[in-house]
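# Residue-level structural notes
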Amino acid sequence: WTDKMEEVAQAEEVENQVATDSIEPQESSNPVAGSTSPEPREVKRTQPKVMKGWLEKKGKGSSVFGRQSWKRRWFVIESGVLSYYENETSAKPLNSIIIHASDSSDRYDEDRDPKHIHLFKFITLKRALYMSAESDEEVVLWVNQLRAHIRNSPDYTLAERM
């Protein structure tokens, strides 16, 4: 009985904690309309949200000239899985990646060009995805949600309790 109560108390404590490793926009503007607070937005550990939207993904291959192509894809983060589709109405994803505690997501500034200036990356043990959003605010939203799903993954929760 005491062990069970202790587990419940620990679970409630985790639910009430707020993650502080969210990122802020690089520009001085705050993505929350009407807000003047410079504080980073915080994502609750147990509240990862479904996120959907268009992003450009850097391709794996390269052209004859050594350049990698960027493809516009419909991305969805849901229930600890990042998937991308040819378009919004596609029934089957082109790829789905289960999000693990060992994964990471952050801004990416190395391959900026005039068409792709709002970049971020999602790194797994098997591959790296480089993506471009339409604004810095979108980068913040995507990175924070990827991090929320990472923190909510079963292997992250298990490691945290040890």
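When helices and strands are tallied, the chain shows three helices and nine strands. Residue burial in the chain is summarised as follows: out of 162 residues, 35% are buried. Accessible surface, the chain as shown: approximately 10,300 Å² in total, 50% of it carbon and sulfur.

This brings us to the pattern of salt bridges. All told, the structure shown has three salt bridges when counted by the stated rule. Between Asp106 and Arg147 there is a salt bridge, with its nearest N and O atoms 3.4 Å apart. Residue Asp106 is found in strand S7 (residues 104-107), and its partner Arg147 is found in helix H2 (residues 136-152); the two are separated by 41 residues along the sequence. Judged by its relative accessible area of 32%, Asp106 is partly exposed. Among the residues examined, Arg147 registers a relative accessible area of 13% and is labelled buried. As a salt-bridge pair, Arg107 and Asp136 come within 2.8 Å of each other at their nearest N and O atoms. Highlighted residues: Arg107 in strand S7 and Asp136 in helix H2, separated in sequence by 29 residues.

This part is about the sheet that holds strand S9 (residues 128-132). What the seven strands build is an open sheet, ordered S6-S5-S4-S3-S9-S8-S7; its pairing is antiparallel. Two strands bound the open sheet, and with one partner strand each, they are strand S6 (95-98) and S7. Across the sheet, the mean angle from the axis of one strand to that of its neighbour is 30 degrees, orientation sign disregarded. With four bridges connecting them, S7 and strand S8 (residues 119-123) associate as antiparallel partners. From the neighbouring strand, Arg107 faces S8, where its bridge partner is Phe120.

Let us now look at the layout of surface pockets. In this structure, the second largest pocket spans a volume of roughly 160 Å³. Residue lining of the second largest pocket: Asn95, Ile97, Ile98, His100, Asp103, Thr124, Leu125, Lys126 and Arg127, and that is the complete set. Partitioned by chemical class, the residues of the lining of the second largest pocket number three nonpolar, three polar and three charged.

Mapped onto the elements, Lys57 comes out in strand S3 (residues 51-58). Although Lys57 is buried, it forms no salt bridge, and the closest oppositely charged side chain is Glu86 at an N-O distance of 10 Å.

Counting residues in hydrophobic clusters, the biggest one holds 18 residues, and the most contacted among them are Leu82, Phe120 and Phe122. Elements supplying a minimum of two residues to this core: S3, strand S4 (70-78), strand S5 (81-85), S8, S9 and H2. Counting residues per element, this core draws most heavily on H2, which supplies five residues. When sequence neighbours within four positions are dropped, the list of residues in contact with Phe122 reads Leu82, Ile97, Ile99, Asp103, Ser104, Ser105, Arg127, Ala128, Leu129, Met131, Leu146 and Ile150.

Here we come to unusual backbone geometry. Notably, Ser79 is not glycine yet its phi reads approximately 50 degrees, a positive angle. Mapping Ser79 onto the fold places it in the loop between S4 and S5.

With that settled, the discussion passes to the packing of aromatic side chains. Summed over all chains, the structure comprises four aromatic pairs. With centroids separated by 5.4 Å and ring planes inclined at 70 degrees, the aromatic side chains of Trp54 and Trp74 adopt a geometry described as edge-to-face. Of this pair, Trp54 sits in strand S3 while Trp74 sits in strand S4, and the two are 20 residues apart along the sequence. We classify Trp54 as partly exposed; its relative accessible area is 22%. Summarising the aromatic geometry, the rings of Tyr108 and Tyr130 are spaced 4.4 Å apart at their centres and angled 45 degrees between planes, so their arrangement reads as tilted. Here Tyr108, found in the loop between S7 and S8, pairs with Tyr130, found in strand S9; they are 22 residues apart in sequence, far enough to count as distant. Accessibility expressed as a relative area gives 9% for Tyr108, which makes it buried. Residue classification places Tyr130 among the partly exposed residues on the basis of a relative accessible area of 23%. Members of the aromatic cluster, each reached through a chain of ring pairs, are Phe75, Tyr84 and Trp142.

Basis of the calculations
Residues numbered from 1 in each chain as written. Predicted model: local features only at pLDDT ≥ 70, side-chain atom pairs only at ≥ 80, totals over all residues. Heavy atoms only, no water. Helix = DSSP H or I, 4+ residues; strand = E, 2+ residues; numbered from the N terminus. Buried < 20%, exposed > 50% of the residue type's maximum accessible area, 1.4 Å probe, protein only. Areas by Shrake-Rupley, 256 points an atom, 1.4 Å probe, with all protein chains shown as cover. Salt bridge = Lys/Arg side-chain N within 4 Å of Asp/Glu carboxyl O. Pairing = 2+ DSSP bridges. Axes fitted to C-alpha atoms, helices over the stretch in contact; angles between N-to-C directions. 1 Å grid on protein atoms, 1.4 Å probe; cavity = no way out; pocket = protein on both sides within 12 Å on 5 of 7 lines; lining within 4 Å. Points joined across faces, edges and corners; volume = space filled by probe spheres on them. Nonpolar A, V, L, I, M, F, W, Y, C, P; charged D, E, K, R; others polar. Lys, Arg positive; Asp, Glu negative; His and termini not counted. Core = buried A, V, L, I, M, F, W, Y, C linked by side-chain atoms within 4.5 Å. Contact = heavy atoms within 4.5 Å. Phe/Tyr/Trp six-rings, centres within 6.5 Å; stacked < 30°, edge-to-face > 60°.

Everything listed here is a matter of coordinates, which is why it stays silent on function.
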